[in-house]
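These are the residues of each chain, in order.
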Amino acid sequence: MPNRKLPFLSREQAQAIIADVPTPFHVYDEKAIRENARRVNQAFAWNPGFKEYFAVKATPNPYLLKILQQEGCGVDCSSYTELLLSDACGFSGSEIMFSSNETPVKDMKKAYDLNATINLDDLTHVEFLERVAGIPETISCRFNPGGVFDLGNGIMDNPGDSKYGMTEDQMAEAFTRLMQKGAKTFGIHAFLASNTVTDEYYPELAGILFRLAVRLHERTGAHIGFINLSGGVGIAYRPDQRANDILAIGEGVRCRYEEILIPAGMGDVAIYTEMGRFMLGPYGGLVTTAIHQKHIYKEYVGVDACAADLMRPAIYGAYHHITVLGKEDVPTDHRYDIVGGLCENNDKFAVDRDLPGIDIGDVLFIHDTGAHGYSMGYNYNGKLRSAEVLLCEDGSHRLIRRAETPADYFATLDFSPFYAKLDL
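Residues numbered from 1 in each chain as written. Predicted model: local features only at pLDDT ≥ 70, side-chain atom pairs only at ≥ 80, totals over all residues. Heavy atoms only, no water.

**Looking at the overall build of the chain**
When its secondary structure is counted, the chain shows twelve helices and 19 strands. Taken over the C-alpha atoms alone, the chain extends approximately 70 × 60 × 40 Å along its principal axes. Taken across its 424 residues, the chain has 54% of its residues classed as buried. Accessible area of the chain: about 18,200 Å², with a carbon and sulfur share of 49%. Charged side chains of the chain number 40 positive and 57 negative; the gap between the two group centres comes to 2 Å. (Helix = DSSP H or I, 4+ residues; strand = E, 2+ residues; numbered from the N terminus. Buried < 20%, exposed > 50% of the residue type's maximum accessible area, 1.4 Å probe, protein only. Areas by Shrake-Rupley, 256 points an atom, 1.4 Å probe, with all protein chains shown as cover. Lys, Arg positive; Asp, Glu negative; His and termini not counted. Charge placed at Lys NZ, Arg CZ, Asp CG, Glu CD.)

Given below as structure tokens:
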């Protein structure tokens, strides 16, 4: 059947969860998350220092962070609250990578106090870090090569328009200043493209950063301890896309490592990654119920979820596949817009999507929401964010975040006379 993409959740499993947790909710597949984390570690097992630092911003849930921690992952944080969450989950020291930009004093001090590996975004941050916290012995700097990043089969992104990172000359100056202030071990970090669905991205980026590391070492004498390839490895949102092969990606990086770093006498460099989307994206889904139909110039199906639960289609026009649970084998001979209840016309999970005939009460599974799904939610229109549920390895389920209530929405008014008048 064309455009076929099967959910990890059956209609029966969904109904069992719904009996405890009303829709909408995000659900995550523990077994698949663990298997994927093990594949990533296998792909880079050739590098003794390898570590995946999961991007907390992608899915900031402590239950999921603990699963990844058990599989050997660290965390990539970019804010004070992400640092607090990671600390509460038991991550500490070199298990935490802190990469931020336009960083408030409080955030930088917290990263320093947790002994996190701090990744500086700008040359001016050298003096800023020294002034507000101090210079640690291990530190990283973020590189921006400028120009356009092209893999040869098309432009992937435009680093020259990105606000992140330093030029090569600034990197050299930063390393020199940091060494003068007591730093001993250095890291290099860069992010050049987002959600790439090609096995070539990491190896190409690795080649750029490995050659940069050799030049910086020769230029400054700095000891490069690690190179962080950051994120950018994407997932196949569309059913006709080929998924990335993480084993092939790891092998491609190994080839560049042996070609560039080992001949330069830098065979002790550790490789880090920060793959939020690849680690969790395919292993989460948004479960929602059809509650209305509308027949005007188009056919609409209204669901009880909205863009507050999944923003990507509304803000990017991003594609998320949709399965009507229990109708996986029914012909997709109806064309619908699948919409939520926000007072915004872009509150649409799908536009002109061919699906089976949908009845009121049908349960829809919106695929690939495991990263940048719940975490991008918001409260526009007074909408309340959904629950999160873990589908455990044994097939049972567990609530890992309750749905918001009106009391949560109004909590920041609890100092005011209006709060007492609310009928909560």
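Let's pick the thread back up.
**With respect to the packing of aromatic side chains**
As enumerated under the stated definition, the model contains eleven aromatic pairs in all. Seen in terms of ring centroids, Phe-175 and Phe-186 are 4.6 Å apart; in terms of plane orientation they differ by 35°. Their pairing is tilted. Of the two residues, Phe-175 sits in helix H7 (residues 168-180) while Phe-186 sits in strand E9 (residues 185-189), which places them eleven residues apart along the sequence. Note on Phe-175: relative accessible area 0%, which makes it buried. What makes Phe-186 buried here is its relative accessible area of 0%. Linked through ring pairs, Phe-44, Trp-46, Phe-50, Phe-210 and Tyr-257 together constitute an aromatic cluster. We note Lys-106 situated over the ring of Tyr-80; from NZ or CZ to the ring centre the distance is 4.4 Å. (Phe/Tyr/Trp six-rings, centres within 6.5 Å; stacked < 30°, edge-to-face > 60°. Lys NZ or Arg CZ within 6 Å of the ring centre and 35° of its normal.)

**Considerations on the pattern of salt bridges**
Going through the model one piece at a time under the given rule, you end up with 26 salt bridges. Residue Lys-5 pairs with Asp-368 through a salt bridge whose shortest N-O separation is 2.5 Å. Taken together, the positions of Lys-5 in the segment before helix H1 (11-18) and Asp-368 in the loop between strand E17 (363-366) and strand E18 (387-391) put the pair 363 residues apart, joining distant regions of the chain. Judged by relative accessible area, Asp-368 falls into the buried class, the value being 4%. Measuring nitrogen to oxygen at the nearest pair gives 3.0 Å for the salt bridge that ties Glu-404 to Arg-385. Of the two residues, Glu-404 is situated in the loop between strand E19 (397-401) and helix H12 (406-409) and Arg-385 in the loop between E17 and E18; the sequence distance between them amounts to 19 residues. By relative accessible area, which is 19% here, Glu-404 ends up buried. (Salt bridge = Lys/Arg side-chain N within 4 Å of Asp/Glu carboxyl O.)

**Topic: the layout of surface pockets**
Of the pockets and cavities examined, the largest pocket occupies roughly 840 Å³. Along the walls of the largest pocket sit 33 residues, with Lys-57, Tyr-164, Phe-191, Ser-194 and His-372 positioned nearest its centre. Contributions of two or more residues to the lining of the largest pocket are made by helix H10 (276-280) and helix H11 (312-316). Element by element, the count of residues in the lining of the largest pocket is highest for H10, at three residues. (1 Å grid on protein atoms, 1.4 Å probe; cavity = no way out; pocket = protein on both sides within 12 Å on 5 of 7 lines; lining within 4 Å. Points joined across faces, edges and corners; volume = space filled by probe spheres on them.)

**Let's talk about unusual backbone geometry**
At the junction of Thr-23 and Pro-24, the peptide bond is cis and its omega measures out at 0° in the coordinates. In this structure, Pro-24 sits in the loop between H1 and strand E1 (25-29). With a phi angle near 60°, His-372 is a residue other than glycine that sits in the positive phi range. On the secondary structure map, His-372 appears in the loop between E17 and E18. Of the residues examined, His-372 reaches a relative accessible area of 17% and is grouped as buried.

**As for the pairing of E18**
In terms of burial, E18 is a largely internal element, five of the five residues being buried. Because side chains alternate across E18, one face comprises the buried residues Ala-387, Val-389 and Leu-391, and the other comprises Glu-388 and Leu-390, equally buried. Across five bridges, the pairing between E1 and E18 is parallel. Bridge assignment links Asp-29 to a residue of E18, and that residue is Leu-391. (Pairing = 2+ DSSP bridges.)

**Some details on the packing of helix H5 (residues 105-113) against helix H6 (residues 125-132)**
It is at 10 Å that the axes of H5 and H6 come closest, and there the two elements cross at 75°. Between H5 and H6, the angle is such that the two are roughly perpendicular. Residue-level contacts link Val-105, Met-108 and Lys-109 of H5 to Phe-128, Leu-129 and Val-132 of H6. (Axes fitted to C-alpha atoms, helices over the stretch in contact; angles between N-to-C directions. Parallel < 35°, antiparallel > 145°, perpendicular 65-115°, else oblique. Contact = heavy atoms within 4.5 Å.)

**Quick word on the environment of Lys-31**
By the element assignment, Lys-31 lies in helix H2 (residues 30-43). Note: C-alpha distance between Lys-31 and Tyr-283 (252 residues apart in sequence) is 9.1 Å.

**Examining helix H3 (residues 62-70)**
When H3 is considered as a whole, its buried residues turn out to be Leu-64, Leu-65, Ile-67, Leu-68 and Gln-69. The distance from a side-chain oxygen at the start of H3 to the backbone nitrogen of Tyr-63 is 2.9 Å, and the residue carrying that oxygen is Asn-61. (Polar contact = N/O pair within 3.5 Å; in protein donor to acceptor, adjacent residues only side chain to side chain.)

**Observations concerning the side chain of Lys-5**
Take Lys-5: its relative accessible area is 18%, and that puts it in the buried class. Here the side chain of Lys-5 touches Asp-368 through a polar contact of 2.5 Å, side chain to side chain.

Remember that the coordinates give geometry; whether it matters functionally is a separate question.
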